[in-house]
Each structure stands twice: as C-alpha cells, then as structure tokens.
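Results of the structural survey
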Amino acid sequence: MTAKNVFRDAAVVAAGFLLSLAVGFAANRLRSDPLPIPYRAPADRPSDEAGLPGVVTLAGAEAAWRAGDTLFIDAREPDFFEDGHVPGAINLPVARTADARTLSGDREKAVIVYCTGADCRDSRTVAQALCAAGHRNVDVFAGGWDEWTRAGLPQ
Amino acid sequence: MIARGILAAVFIVAGVLKLPDPTAFAEGIAGFRLLPAWAVGPLALGMPVFELLTGFVLLGNRFRSAGALAAIGLSLAFALLYAWALARGLDVRCSCFGGAGLLRVSNPVGLLRALALLALAAWVYRRENFSD
C-alpha cells in the first residue's frame, strides 16, 4: 500500500463518477419524462393539463383554516400525519387516493391539500385525484407542513 | 470476500431501486435543502449509476480497490448528510433505497446504518491493500 495506490484509486473513482454522470444524462434523454436540469420543485413546474387544482400561499391557507369552512387534507404518509398535522385535517396519502371518490358528498366544498413542503408532489397528486373525482374547489398549499410549522401555526 | 459481497449487494440494490424514477430521487435530494438546484438534477441522474458501478466493480477484480475507495466515499457522504439532517431536525425520507424508502431521517437507525456501511467499506479497502 503506497500513496501512489490511493491516488490511482482516487483517479479511477473520479473517472467512474464522470462516466456515471454521462450515462445518467444519456439515459435521461431517452426517457419519456426526462428530469429537468436544473431541478425544479413540483410547485414551480408548468402544468400541461387543464382543470387542475389551484395554489394557495401560507397566508391563504391560514385564512381558510381560521375561517373554518375548508377541508384540509394531509397527503403525507400516516406516520408523518400522526406526528402532527394541521388541526382538523384528514389524512389521505397517495396510496389511498382511490378514497378521494368517497371523501365527501359536497363537491363544492373548499379543499386544501398539503404535504411536506415545496419539494413533495403528493399534495398535487391527491389534489388531481380529487379534481378527477369531481371536486371543483381544490387548492394545493405548496409550502406544506414545513411552512405551516415554521410560521408557528397551531398543530 | 463475504464483506465485499455484502457491500457490493447494498450498492447494487440501492442503485437499482433509484434508477427507474430519477424524479422521485431528485425530490428526495432537494428535500434535504443542502444542494443548489443546478446540482440536484445531475446528482439524481448520476448517483444511481455510480452506485451500480461501485457495486459491480467491487465484485470484479480489475478495479476492486478503487471500488472500495468509492464505497468509503459514498458511505462517508451518506453518514455526514444523515448527521447534518438529524442535527437540523429535518423530517424527510432518506431516499437511500429509492423514492419509496421507508426510513425517515429523524430515525437515528439510518445514521447507524450509514456508519456500519462505512466501517464495512473501510475494512474491505484495508483488506484489498494491506493483506497478501
């Protein structure tokens, strides 16, 4: 074992990493849904479908929560939900989006869906399922649980 | 030999599970809020391939020592990332084994797992270079 060996190994590792990047980029170009580079959070991605849920900011979500006439849906998985959620929210993780159909008889009721924060897409997935199930007043609170707790709002 | 096999298997499994959904993995990386947006995409695309490559190289002969060095680097990076996330109190999934990875970063088992992987990689590297 000499210092020379370490440098040689490190050079091989660096070459391997560059090779991996090249292969990863090449494979991405072949995908039907390539990953955008640079990365964009789900909330910042342009939507290409019509009739999709709207977006509310923290202020909008807080106002709706205080008014008390909006159903909050927590799209995170149950273990996260149990650790804390927006008071009154119900848990509807992506795995159970089929339940969106049976959620509520009132399709006009205002619904706000959230997940962990700007980098999760579960809120959008669940919100889209709600829209597909006929709900007409669905918004995504993109800042999610992160923004809610950082603002010191009730949990 | 067994240690090397385990190490290789961990990286191959981790790579294979991440490969099919780079978008989910990118969201996982972004959730840590450590890297700038321009770095997230390339890392999400390159990392699974690099993990696979590391795993297969560990099983072969030619670049085995370099594979062990890469395994040390990767597991050290995972351990540091984990420790950082724990210290910051981040509540995200680890994304270690694909987007649907079950472990949450707030669970210290993940840090122990990363440290165990680091120890295993260091041991394999030492055997490759110090024994005859």
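Please refer to the structure placed before this passage.
Note that the structure is predicted; figures quoted are calculated from it, not measured.

1. Topic: the interface of chain B and chain A
Contact residues are listed per partner, giving 26 residues for chain B and 24 residues for chain A. For the side of chain B that touches chain A, the elements supplying multiple residues, two or more each, are α2 (22–31), α3 (37–59), α4 (64–88) and α5 (109–130) of chain B. For the side of chain B that touches chain A, the element with the highest residue contribution is α3 of chain B, accounting for 11 residues. Grouping the constituent residues of the side of chain B that touches chain A by class yields 18 nonpolar, seven polar and one charged.

2. Quick notes on the sheet that holds strand β4 (residues 110–114) of chain A
All names here are of chain A. Reading across from one edge, β1-β5-β4-β2-β3 is the order of the five strands in this open sheet, with parallel pairing throughout. With one partner strand each, in any of the chains shown, β1 (54–56) and β3 (90–91) form the two edges of the open sheet. Taken together, the five bridges between strand β2 (residues 70–74) and β4 define a ladder with parallel strand orientation. Following the sheet pairing, D74 is matched in β4 by Y114.

3. Comments concerning the pairing of strand β5 (residues 138–141) of chain A
All names here are of chain A. In β5, alternate side chains face the same way, and those of V138 and V140 on one face and D139 and F141 on the other are all buried. Note: β1 against β5, three bridges, orientation parallel. Note that in β5 the partner of V56 across the bridge is F141. Pairing analysis gives three bridges linking β4 to β5, with the strands arranged parallel. Following the sheet pairing, V113 is matched in β5 by V140. Handedness of the β-α-β unit built from β4, helix α4 (residues 122–132) and β5 comes out right-handed.

4. Concerning the packing of α2 of chain B against α3 of chain B
Residues and elements named next belong to chain B. For the pair α2 and α3, interaxial distance at closest approach is 9 Å and the crossing angle is 130°. Comparing their axes, α3 and α2 come out oblique. Two packed elements cross with a definite hand, and for α2 against α3 that hand is right-handed. Across the interface between the two elements, P22, F25, A26, I29 and A30 of α2 pack against V40, G41, L43, A44 and L45 of α3. Tallied by class, the residues present in the contact of α2 with α3 amount to nine nonpolar, one polar and no charged.

5. Here we look at α2 of chain B
Residues and elements named next belong to chain B. The buried fraction of α2 is high, at eight of 10 residues. P22, F25, A26, E27, G28, I29, A30 and G31 are the residues of α2 that are buried. Residue R33 follows α2 closely and has a positive phi angle near 50°.

6. Here's the deal with the packing of helix α1 (residues 2–18) of chain B against α3 of chain B
All names here are of chain B. Where α1 meets α3, the axes come as close as 7 Å, and the angle between the chain directions of the two elements is 155°. As summarised for this structure, α1 and α3 are arranged roughly antiparallel, according to the angle between their axes. Here α1 runs over α3; the crossing is left-handed. Residue-level contacts link R4, L7, A8, F11, I12, A14, G15, V16 and K18 of α1 to M47, P48, V49, E51, L52, T54, G55, F56, L58 and L59 of α3. Across the contact of α1 with α3, the residue classes tally to 13 nonpolar, three polar and three charged.

Rules of the game
Residues numbered from 1 in each chain as written. Chains lettered and ligands numbered in written order. Predicted model: local features only at pLDDT ≥ 70, side-chain atom pairs only at ≥ 80, totals over all residues. Contact = placed C-beta atoms within 7 Å. Helix = DSSP H or I, 4+ residues; strand = E, 2+ residues; numbered from the N terminus. Nonpolar A, V, L, I, M, F, W, Y, C, P; charged D, E, K, R; others polar. Pairing = 2+ DSSP bridges. Buried ≥ 20, exposed ≤ 12 C-beta atoms within 10 Å, placed from the backbone. Right-handed = clockwise from strand over helix to strand, strands pointing away. Axes fitted to C-alpha atoms, helices over the stretch in contact; angles between N-to-C directions. Parallel < 35°, antiparallel > 145°, perpendicular 65-115°, else oblique. Left-handed = near helix turned anticlockwise from the far one by under 90°.

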